[in-house]
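# Report on the structure
One-letter residues, chain by chain:
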Amino acid sequence: MPWTPAPRDPEPADGRPTNPLVRLLRLPGRTKLLIAVGVLLAVILATGSCQGVDITEAEATAAARTALAVHPDGFEPARVEARVLRQGFPPSPVWVVVLTVPDPEGSSEDFLHHAGIWVDAKTGQIRQVDISQSDDG
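Residues numbered from 1 in each chain as written. Predicted model: local features only at pLDDT ≥ 70, side-chain atom pairs only at ≥ 80, totals over all residues. Heavy atoms only, no water.

## What about the overall build of the protein chain?
Secondary structure assignment for the protein chain yields 3 helices and 4 strands. Each helix and strand of the protein chain, ordered N terminal to C terminal, gives the series α-α-α-β-β-β-β. Buried positions account for 21% of the 137 residues belonging to the protein chain. (Helix = DSSP H or I, 4+ residues; strand = E, 2+ residues; numbered from the N terminus. Buried < 20%, exposed > 50% of the residue type's maximum accessible area, 1.4 Å probe, protein only.)

Structure (structure tokens):
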């Protein structure tokens, strides 16, 4: 029996092709470019967010306390909080450790000393140290 091609799907009445690949190829150049950029960004963000955190919260807190102790404006913190954030492009994980000494006479947002220390979640290296004091301190 000789080979016969498969029957073609009839084109819709408005003339648009039913095959998604054909429809994509018939799009204007700018639209194709936007689709390609969107797919590329999605892939970059997806691969960046899959990177794990190698440093634990305890290790990040210890590194931040050490960096605070050797800093010229260092202080002994009363409260410590740590969170993992993703920074940069492509995003990479970083621990943000906040060390504070609350103001006993102020509200819960008032502090005598405040430090924000960024610790690389992959290597444990200190990226940034920001220390501030209250106007009274």
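## Structural notes on the pairing of strand E2 (residues 92-102)
The side chains of a regular strand alternate between the sheet's two faces. The buried count for E2 comes to 9 of 11 residues, which makes it a mostly enclosed element. Two elements, strand E1 (residues 79-87) and E2, share 9 bridges in a ladder whose sense is antiparallel. Paired with valine 80 across the strands is leucine 99, a residue of E2. The turn joining E1 and E2, which pair antiparallel and follow one another in sequence, is formed by 4 residues; a positive phi near 90° is taken by glycine 88. Inspection of the sheet shows E2 paired to strand E3 (residues 111-120) by 9 bridges, in the antiparallel sense. From the neighbouring strand, leucine 99 faces E3, where its bridge partner is alanine 115. (Pairing = 2+ DSSP bridges.)

## Focus: the sheet that holds E3
Pairing within the open sheet is antiparallel, and its 4 strands lie in the order E1-E2-E3-E4. Each end of this open sheet is capped by a strand with a single partner; those strands are E1 and strand E4 (126-133). Ignoring strand direction, the axes of neighbouring strands in this sheet form an average angle of 15°. Sheet topology places E3 next to E4; 7 bridges connect them, and they run antiparallel. (Axes fitted to C-alpha atoms, helices over the stretch in contact; angles between N-to-C directions.)

## Examining helix H3 (residues 57-70)
A rise of 1.5 Å per residue sets the reference length of H3, with its 14 residues, at 20 Å; its end C-alpha atoms lie 20 Å apart and thus fit the reference within 8%. Considered for burial, the residues of H3 that qualify are Ala60, Thr61, Ala64, Ala67 and Leu68. Axial view of H3: buried residues confined to an arc of 125°, hence all on one face. Summarising the geometry of H3, the exposed residues directed more than 90 degrees from the buried face are Ala58, Ala69 and Val70. (Expected span 1.5 Å × (residues − 1). Arc of directions from axis to C-beta.)

## With respect to the confidence of the model for the protein chain
It should be kept in mind that the predicted coordinates are not to be read in detail where pLDDT is low. Here the protein chain averages 81 in pLDDT, and 81% of its residues register 70 or above. Averaged pLDDT values over the elements of the protein chain bottom out at 73 in helix H1 (residues 20-25) and peak at 93 in H3. (pLDDT = per-residue confidence, 0-100.)

## Things to note about the pattern of salt bridges
Enumeration according to the criterion identifies 3 salt bridges in this entry. Where lysine 122 meets aspartate 54, a salt bridge forms, and the shortest distance between an N and an O atom there is 3.5 Å. A residue pair is termed long-range when its members are at least 10 positions apart, and lysine 122 in the loop between E3 and E4 and aspartate 54 in the loop between helix H2 (29-49) and H3 qualify at 68 residues. Relative accessible area serves as the criterion here: at 34%, lysine 122 is assigned to the partly exposed category. Arginine 127 serves as the salt-bridge partner of aspartate 120, at 3.1 Å between the closest nitrogen and oxygen. (Salt bridge = Lys/Arg side-chain N within 4 Å of Asp/Glu carboxyl O.)

## Focus on the side chain of serine 92
By secondary structure assignment, the location of serine 92 is in strand E2. Judged by its relative accessible area of 18%, serine 92 is buried.

## Some remarks on the nonpolar core
Membership of the largest hydrophobic core comes to 15 residues, with the highest contact counts inside it found for Trp95, Val97, Leu99, Ile117 and Val119. Every element with two or more residues in this core is listed here: H3, E2 and E3. For valine 119, the contacting residues outside a window of four places in its chain are Ala60, Ala63, Ala64, Val94, Trp95, Val97, Gly124, Gln125 and Ile126. (Core = buried A, V, L, I, M, F, W, Y, C linked by side-chain atoms within 4.5 Å. Contact = heavy atoms within 4.5 Å.)

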